[in-house]
Amino acid sequence: MLDWLLRLDLKLFFRINNQWANSWFDAVLPWVREPYLWAPLYLFLALFAVINYKWRGFFWIVFFIVSFGIADQASSFLKDAVGRIRPCRDPLLSQFVRVLVTYCPMSGSFTSSHAANHFALGTFCFITLKPAFQRFVWLFFVWAIAIGYAQVYVGVHYPLDIAGGALLGILIGLLSGGFFQRRIRLEAATTT
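A. Summary view of the overall build of the protein chain. Along its length, the protein chain carries seven helices and zero strands. The helix and strand sequence of the protein chain, counted from the amino end, reads α-α-α-α-α-α-α. Against the globule reference of 16 Å for 192 residues, the protein chain gives a C-alpha radius of gyration of 18 Å, in line with a compact fold. Across its three principal directions, the C-alpha atoms of the protein chain cover 65 × 35 × 25 Å. The contacts in the protein chain between residues at least 6 apart in sequence include a share of 81% that link residues at least 24 apart. Accessible surface for the protein chain amounts to roughly 10800 Å². Of this, 70% is attributable to carbon and sulfur atoms. Counting 16 positive and 9 negative side-chain charges, the protein chain places the averaged centre of each group 10 Å from the other.

B. Highlighting helix 6 (residues 139–153). Between its first and last C-alpha atoms helix 6 spans 20 Å; for 15 residues at 1.5 Å apiece the expected length is 21 Å, and the two agree. When helix 6 is considered as a whole, its buried residues turn out to be Phe-140, Phe-141, Trp-143, Ala-144, Ile-147, Gly-148, Ala-150, Gln-151, Val-152 and Tyr-153. Residues of helix 6 that are buried make contact with helix 1 (2–19), helix 2 (23–32), helix 3 (39–53), helix 5 (113–133) and helix 7 (159–183). Just downstream of helix 6, Gly-155 is the residue with a positive phi angle, here 95°.

C. Local environment of the nonpolar core. Leu-45, Trp-60, Phe-64, Cys-125, Leu-129, Phe-140 and Phe-180 are the most contacted members of the largest nonpolar core, which totals 37 residues. Counting only elements with at least two residues in this core, the list comes to helix 1, helix 2, helix 3, helix 4 (55–82), helix 5, helix 6 and helix 7. Discounting residues that sit within four places of it in the chain, Trp-60 has contacts with Leu-45, Ala-49, Phe-124, Cys-125, Thr-128, Leu-129, Phe-180 and Leu-186.

D. Representation of the packing of helix 3 against helix 5. Interaxial distance between helix 3 and helix 5 falls to 13 Å at its minimum, and their mutual angle equals 35°. For the crossing formed where helix 3 meets helix 5, the hand is left-handed. When helix 3 is examined against helix 5, the residues Tyr-42, Phe-44, Leu-45, Phe-48 and Tyr-53 are found in contact with a partner set consisting of His-118, Leu-121, Cys-125, Leu-129, Ala-132 and Phe-133.

E. Representation of the side chain of His-157 within the structure. Position of His-157 among the secondary structure elements: in the loop between helix 6 and helix 7. For His-157, the side chain forms a polar contact with the side chain of Arg-86, separated by 3.2 Å.

About the thresholds
Residues numbered from 1 in each chain as written. Predicted model: local features only at pLDDT ≥ 70, side-chain atom pairs only at ≥ 80, totals over all residues. Heavy atoms only, no water. Helix = DSSP H or I, 4+ residues; strand = E, 2+ residues; numbered from the N terminus. Rg over C-alpha atoms; globule rule 2.2 N^0.38 Å. Contact = heavy atoms within 4.5 Å. Areas by Shrake-Rupley, 256 points an atom, 1.4 Å probe, with all protein chains shown as cover. Lys, Arg positive; Asp, Glu negative; His and termini not counted. Charge placed at Lys NZ, Arg CZ, Asp CG, Glu CD. Expected span 1.5 Å × (residues − 1). Buried < 20%, exposed > 50% of the residue type's maximum accessible area, 1.4 Å probe, protein only. Core = buried A, V, L, I, M, F, W, Y, C linked by side-chain atoms within 4.5 Å. Axes fitted to C-alpha atoms, helices over the stretch in contact; angles between N-to-C directions. Left-handed = near helix turned anticlockwise from the far one by under 90°. Polar contact = N/O pair within 3.5 Å; in protein donor to acceptor, adjacent residues only side chain to side chain.

Shown next as structure tokens:
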């Protein structure tokens with residue numbers, strides 16, 4: 001069963017990294033995975049929380065950062081424990097991998113920290129900001145999926161790394177978002 005899953009993972013990796021490639025994705029997806037690209041979104045969310053929810057917004061920012069930190073540390077622990085080699089570092093595969101970034105990390109491949117971090121943040125935002133963003137709240141998952149897909153497309157992760165990171169991130173986001181909703185909850189500040 002594990003061999004079948006790993007073969008399927010490799011096949012899907014080469015579909016995404018080689019066969020489904022195009023010049024537009026080649027130009028855009030390396031940027032999609034860059035944290036600095038998303039700094040305006042993080043700033044917007046922080047300002048949105050503080051302006052609309054006052055002191056509760058500050059707690060929201062703390063939980064947002066803690067969710068990120070826990071996901072990042074948990075993913076790093078799993079990378080060390082599993083020790084899977086990244087496709088861009090695998091001596092048997094690297095000559096067939098299109099690497100679209102200037103740096104292939106030395107860390108392990110499973111789980112993807114990008115996926116864990118962004119699915120944790122996406123899930124946390126989905127749970128806590130659903131009343132404010134209503135039907136658009138699903139865009140947080142589209143954002144996380146795009147970043148995960150980009151990691152495979154540029155050649156630094158396998159699809160299973162993204163799936164593992166996504167599951168880890170969703171679990172952390174559910175825990176942090178659920179705790180936040182039970183203890184603090186965002187409610188619009190009332191003016192007196």
